[in-house]
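For reference, the chains in residue letters:
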Amino acid sequence: MAARRVNVISLGCSKNLVDSERLMKMLQDAGMDSVYESTDTRQLDIVVINTCGFIGDAKEESINTILGWCDAKKRGLVKEVYVMGCLSQRYAEELPKEITDVDGWYGKTDWHNLVSHLTHKYPSAAHYDRVITTPRHHAYLKIAEGCNRFCAFCAIPLITGRYKSRSIEEIVSEVRRLVSRGVKEFNVIAQELTNYGKDLYGKHAIGELIDAIAAVPGVEWIRLHYAYPADFPDELLDAMVRNRNVCRYLDIALQHISDKVLSNMRRHITGAETKALLKKIREKVPGIHIRTTLMVGFPGEGDAEFEELMDFVREQRFERMGAFAYCEEEDTYAALNFQDIIPQQVKDDRLDMLMEEQERISAEIQSSKVGEEMRVIIDREDSDYYIGRSEFDSPEVDPEVLISKNIKLEPGNFYNVRIVDSMPFELLAEVI
């Protein structure tokens, strides 16, 4: 008898993707055929949807995906539909009553029971091997689960619970295993990586962890995601300087610069302290590219506070920046303590203004790179270009380097290129 085929749909963040990859490996180890986001329903028996429950748009996408696959089940295209992840964790009581065609609901932390249900074999919760769904030369490396920060706007701690670090030994073992399979680039992720180790070792241990990963032979690039500005450990910057295979790149969500808004957000840092931290980061790690995320429309943001945010963006000239408009999330501190009275149109207008300013800044920064030489890794080939990234570019969210096809290049390999032209969010290059 052929193995039953399971289609795993992963929504939301890269942390979810790691869970989906682990699920796929466990299913395969138990004798099932797992595939990633297949659209070929002729060869599918079961669909598992790993949901996101972070903000309104993500929840809507998750619900629509569930309903779409339930409809496919009704039409006989698949036999069973299961749901796991953040959305089903958060709404464990409500969702089964509203969507009755799902065959089983599993949360963020109990999805190993899903594997047991499907395979009649219970997997080891500490088993971190997984199927890599990204291009084989890069992978996400999740170092912790949960968050202790409880920012006013964020529901993540309500879903994932308290911060829980993995041990350095376990993480390094995973890195060695992935290197043996061809992974060269590691994008280190956690809801908040700068808190790493305090629960296990009683101190910041992120610098020690990065040193240990960097020392593994075959690790070419390490990129750091989701630092938190308050209580920022200097040892992380020291580790970046010590290890040349740590990319000069830091993803640190700042959210705002106004003292009033930061206080309302419960970010535990002031605007002046934020600027001092950014100054220190740039001084300690020359040439670093900082990615940040900002929020407009949070309660307490008037015209003056928004203009302060605009001035901050103009002053800092972030190499990479995203932004979103505040959306009230039930049961969060903000939902319980503030009124969401800023009109949606005002939020949208502010978001447009902020991103227009960032596009101008990004275009200038990209243009300044023309003539530079840099090392890139090739992700893929399209009809006109090889598509690569520099150490300053995280997969999927950052600009890419488009390389002329005058000589043959191999995806997964590194090449030295010269930048010959620029666009606001892409660079054009040729191999040296």
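One can find the structure itself at the top, above this paragraph.
The structure displayed is predicted, hence computed values, not measured ones.

A. Structural context of the nonpolar core. In terms of nonpolar packing, the biggest core is built from 59 residues, with Ile143 and Leu224 touching the most fellow members. The dominant element in this core, judged by the number of residues it contributes, is helix α7 (residues 168-180), at 6 residues. Those residues in contact with Leu224 that lie beyond four places of it in its chain are Val188, Leu193, Ile210, Leu236, Met240, Val246, Tyr249, Leu250 and Asp251. Membership of the second largest hydrophobic core comes to 18 residues, among which are Leu44, Val78, Val81 and Leu87.

B. Representation of the pattern of salt bridges in the model. On inspection of all chains with the given rule, the structure shows 50 salt bridges. For the salt bridge of Asp129 with Arg177, the shortest nitrogen-to-oxygen distance reads 3.5 Å. Of this pair, Asp129 sits in the loop between α5 (112-119) and β6 (138-142) while Arg177 sits in helix α7, and the two are 48 residues apart along the sequence. Across the pair Lys275 and Glu315 runs a salt bridge whose closest N-O atoms are separated by 3.7 Å. With Lys275 in helix α12 (residues 271-284) and Glu315 in helix α13 (residues 303-316), this pair connects stretches of sequence that are 40 residues apart. Judged by relative accessible area, which is 46%, Glu315 ranks as partly exposed. Among the charged side chains, a network of salt bridges with common partners joins Glu307, Asp311, Arg314, Arg317, Glu357, Arg360 and Glu364.

C. Focus on the sheet that holds strand β3 (residues 46-51). With parallel pairing, the 5 strands of this open sheet are ordered in space as β2-β1-β3-β4-β5. In this open sheet, the two strands that pair with only one neighbour each are β2 (33-36) and β5 (104-105). As paired strands, β3 and strand β4 (residues 80-85) are joined by 6 bridges and run parallel to one another. Paired with Val47 across the bridge in β4 is Val81.

D. The arrangement of the environment of Glu330 in detail. With respect to the secondary-structure elements, Glu330 resides in the loop between β13 (320-325) and α14 (333-337). Looking at Glu330, the relative accessible area reads 34%, which means it is partly exposed. On a C-alpha basis, the gap between Glu330 and Cys13 in space is 20 Å, while along the polypeptide they are 317 residues apart.

E. Summary view of the sheet that holds strand β17 (residues 414-423). The 5 strands are arranged β14-β15-β16-β18-β17 in a closed barrel whose pairing can be described as mixed. The sheet shows a mean angle of 50° between the axes of neighbouring strands, taken without regard to direction. Bridge count for strand β16 (residues 400-404) against strand β18 (residues 426-431) is 4 bridges, and the pairing is parallel. Of the residues in β18, the one forming a bridge with Val401 is Leu427.

F. Local environment of the packing of helix α1 (residues 14-29) against α5. It is at 10 Å that the axes of α1 and α5 come closest, and there the two elements cross at 25°. In terms of orientation, α1 and α5 fall into the roughly parallel class. Once α1 is placed against α5, the crossing between them reads as right-handed. Taking contact as the criterion, the partners of Arg22, Leu23, Met26 and Leu27 in α1 are, on α5, His112, Leu114, Val115, Leu118 and Thr119. Among the residues forming the contact of α1 with α5, the class breakdown is 6 nonpolar, 2 polar and 1 charged.

G. Up close: the pairing of β18. The sheet contact formed by β17 and β18 spans 6 bridges and is antiparallel. Within β18, the position partnered with Arg418 by the bridge is Glu430. In textbook terms, the turn of a hairpin is the stretch between consecutive antiparallel strands, and for β17 and β18 this stretch comprises 2 residues.

Rules and cut-offs
- Residues numbered from 1 in each chain as written.
- Predicted model: local features only at pLDDT ≥ 70, side-chain atom pairs only at ≥ 80, totals over all residues.
- Heavy atoms only, no water.
- Core = buried A, V, L, I, M, F, W, Y, C linked by side-chain atoms within 4.5 Å.
- Buried < 20%, exposed > 50% of the residue type's maximum accessible area, 1.4 Å probe, protein only.
- Helix = DSSP H or I, 4+ residues; strand = E, 2+ residues; numbered from the N terminus.
- Contact = heavy atoms within 4.5 Å.
- Salt bridge = Lys/Arg side-chain N within 4 Å of Asp/Glu carboxyl O.
- Pairing = 2+ DSSP bridges.
- Axes fitted to C-alpha atoms, helices over the stretch in contact; angles between N-to-C directions.
- Parallel < 35°, antiparallel > 145°, perpendicular 65-115°, else oblique.
- Left-handed = near helix turned anticlockwise from the far one by under 90°.
- Nonpolar A, V, L, I, M, F, W, Y, C, P; charged D, E, K, R; others polar.

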